[in-house]
Amino acid sequence: MRPLLILLTALATPAFAQSPAADAEPAAPTLAEPTPRTVPLEEIQRYVAVYRAIKDAYVEPINDQELMKAALRGLLSDLDPHSAYLEKEEAEDLQEQTEGAYSGVGVEIEQRADGSILVISPIDGTPAQRAGLRAGDVIIAIDGAPLGKDGADSVSRDLRGEAGTKVSVTLVRTGESVPRELEITREIIRVTSVSSRLLEPGYGYLRISTFQTDTGPQVVRQLRALNQQSGGQLAGLVLDLRSNPGGLLNAAVEAADALLETGLIVSTKGRLPYSNASYHAKTGDLLSGAPVVVLVDAGTASAAEVLAGALSDHDRATVMGSRTFGKGSVQTVVPLENGDSVKLTTARYFTPSGKSIQARGIRPDVVLRGEATRGLREQDLPGHLRGDEEVGDGYARGEVIEGEKAIAEALARLKATQRTAAAPRAAAGG
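So, here is what we can say about the structure in this document.

Thresholds, definitions, all that
Residues numbered from 1 in each chain as written. Predicted model: local features only at pLDDT ≥ 70, side-chain atom pairs only at ≥ 80, totals over all residues. Heavy atoms only, no water. Helix = DSSP H or I, 4+ residues; strand = E, 2+ residues; numbered from the N terminus. Contact = heavy atoms within 4.5 Å. Phe/Tyr/Trp six-rings, centres within 6.5 Å; stacked < 30°, edge-to-face > 60°. Lys NZ or Arg CZ within 6 Å of the ring centre and 35° of its normal. Axes fitted to C-alpha atoms, helices over the stretch in contact; angles between N-to-C directions. Parallel < 35°, antiparallel > 145°, perpendicular 65-115°, else oblique. Left-handed = near helix turned anticlockwise from the far one by under 90°. Nonpolar A, V, L, I, M, F, W, Y, C, P; charged D, E, K, R; others polar. Pairing = 2+ DSSP bridges. Core = buried A, V, L, I, M, F, W, Y, C linked by side-chain atoms within 4.5 Å. Buried < 20%, exposed > 50% of the residue type's maximum accessible area, 1.4 Å probe, protein only. Expected span 1.5 Å × (residues − 1). Polar contact = N/O pair within 3.5 Å; in protein donor to acceptor, adjacent residues only side chain to side chain.

What follows deals with the environment of G106. Position of G106 relative to the elements: it lies in the loop between strand 3 (101–104) and strand 4 (107–111). Along the primary structure G106 and A128 are separated by 22 residues, whereas in three dimensions their C-alpha atoms are 5.7 Å apart. When residues no more than four places from it in sequence are discounted, the contact partners of G106 are P122, I123, T126, A128 and I189.

Below you can see the structure in the form of structure tokens.
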């Protein structure tokens, strides 16, 4: 059997993960042979009876392959929002996304209970973002046709296509009574997941839009470049994770490692040995302890929450923004012999202090107000895993924070931190 792939993402259509970090507990390279278990005869008989009833009485003929595929999809979709059956083409398409190049519009999506599709985030610099698609939008039709029965999987396929072709997306936006339609031209999406610049002399800005195979090395390169531009060492950094939907767990671990001197970054816990792992930072903080402010919002999810949680728990950063999405589970993609795959939730992840983010999210140290969007929270997804500290506050609004104002507030916070730290040093020297 082919190797397992372990991933950490907020999406119904997942990214694929790399091997664990060097100091993590090793994951099993292949799925162990299942332990033989006896399925109760009455359950087998019930399944066969339903199968036969559908074959004999459904309003239209349905062949065995279609019916079995529907049964498999239903078996996984009823578990939680992130488990799914992936056909070979779907798995191959998703593999392309993690490598940073594919043909489509560039948007991360999640299926809601009514079958509509929630936009978690358009990816920076893609046709979806340029056309005006926003986090929290709800897609209700593609090219004028209602969404297919396969939900997010079907929409993902419909949004992909040959570069240069157009696709029409009908959506509903919070606060608007009439649906709007956007025409988006597909193109080859080459996602640059990390960008940076100097905000002022000595103060850097690092944006991570998603976590791909090369995100970790890019973070290291760009932090070193910012240090060099600052004359050898930054005085502070704004790390922007707003509307970052997640991606590869290893990439988030590598990014945290670049900013931590030592210590646990994240741990995962599940029922099987390969689901239990601990990821630690190697010695060396590229900023030598310079203060960091992390910007987050309701679109910050999964691997991005791992990074924010690790920096927060180690008192390495101040978290500013709004409560994050709250996706704290790990999925394993199990390849099948026919080329299809099963994406199965196999573990929960925990921050260094042992807290689960599942259905709770990261709570910022400093709250910034944004645009409220219903449904942009893990705990609002039907069938989600119950969180250890989940608060049942109804169908509330997550807040998406956009624009440069938040960056300016984060920079002001960095300067205030520097002034506070400098005062005792000045007193001691005087």
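Following the structure, the description resumes.
Moving on, we get to the packing of aromatic side chains. We describe a pair of aromatic rings using the distance from one ring centre to the other and the angle between the two ring planes. Taken as a whole and assessed by the stated rule, the structure comprises 1 aromatic pair. The positively charged end of R197 is found above the aromatic ring belonging to Y205, 4.5 Å away from the centroid. Seen from the ring of F350, K269 lies directly overhead, with NZ or CZ sitting 4.8 Å from the centre.

A few words now on the side chain of S267. Inspection of the secondary structure puts S267 in strand 15 (residues 263–270). Not counting residues up to four positions away in its chain, the partners in contact with S267 are A277, S278, R348, Y349 and F350.

What follows deals with the packing of helix 6 (residues 215–229) against helix 7 (residues 249–259). Their axes nearest at 7 Å, the elements helix 6 and helix 7 cross at an angle of 25 degrees. Classified by the angle between their axes, helix 6 and helix 7 sit roughly parallel to one another. Where helix 6 crosses over helix 7, the handedness of that crossing is right-handed. The segment helix 6 lies against helix 7, with T215, G216, P217, V219, V220 and L223 engaging A251, E254, A255, A258 and L259. When the residues that make up the contact of helix 6 with helix 7 are grouped by side-chain class, the tally is 8 nonpolar, 2 polar and 1 charged.

Taken in spatial order, the 6 strands make up an open sheet running 11-12-13-17-18-21, and their pairing is mixed. The strands lining the two open edges of the sheet, one partner per strand, are strand 11 (194–200) and strand 21 (366–367). Contacting strand 11, strand 12 (203–208) and strand 13 (236–240), helix 6 crosses the sheet at an angle of about 20 degrees to strand 11.

Core analysis: the biggest nonpolar cluster contains 45 residues, and I208, F211, L237, L239, V294 and L307 have the highest contact counts within it. Among the elements that make up this core, the one with the highest residue count is helix 7 (8 residues). Ignoring any residue separated from it by four or fewer positions in sequence, one finds V294 in contact with L239, L241, A308, L311, A317, T318, V319 and M320. Among the nonpolar cores identified, the runner-up in size contains 17 residues, and A128, L133, A152 and I184 belong to it.

Turning our eyes to something else, we now look at helix 2 (residues 64–77). Under the 1.5 Å per step criterion, the end-to-end length of helix 2 is 20 Å for 14 residues, consistent within 8% with the ideal 20 Å. With a side-chain oxygen positioned 3.1 Å from the backbone nitrogen of Q65, the residue opening helix 2 is N63.

What follows is about the environment of Q418. Along the chain, Q418 turns up in helix 9 (residues 405–429). Taking the relative accessible area as the measure of exposure, Q418 reaches 24% and is therefore partly exposed. C-alpha separation for the pair Q418 and A235, spaced 183 residues apart in sequence, amounts to 7.8 Å. Those residues in contact with Q418 that lie beyond four places of it in its chain are Y203, A235 and P291.

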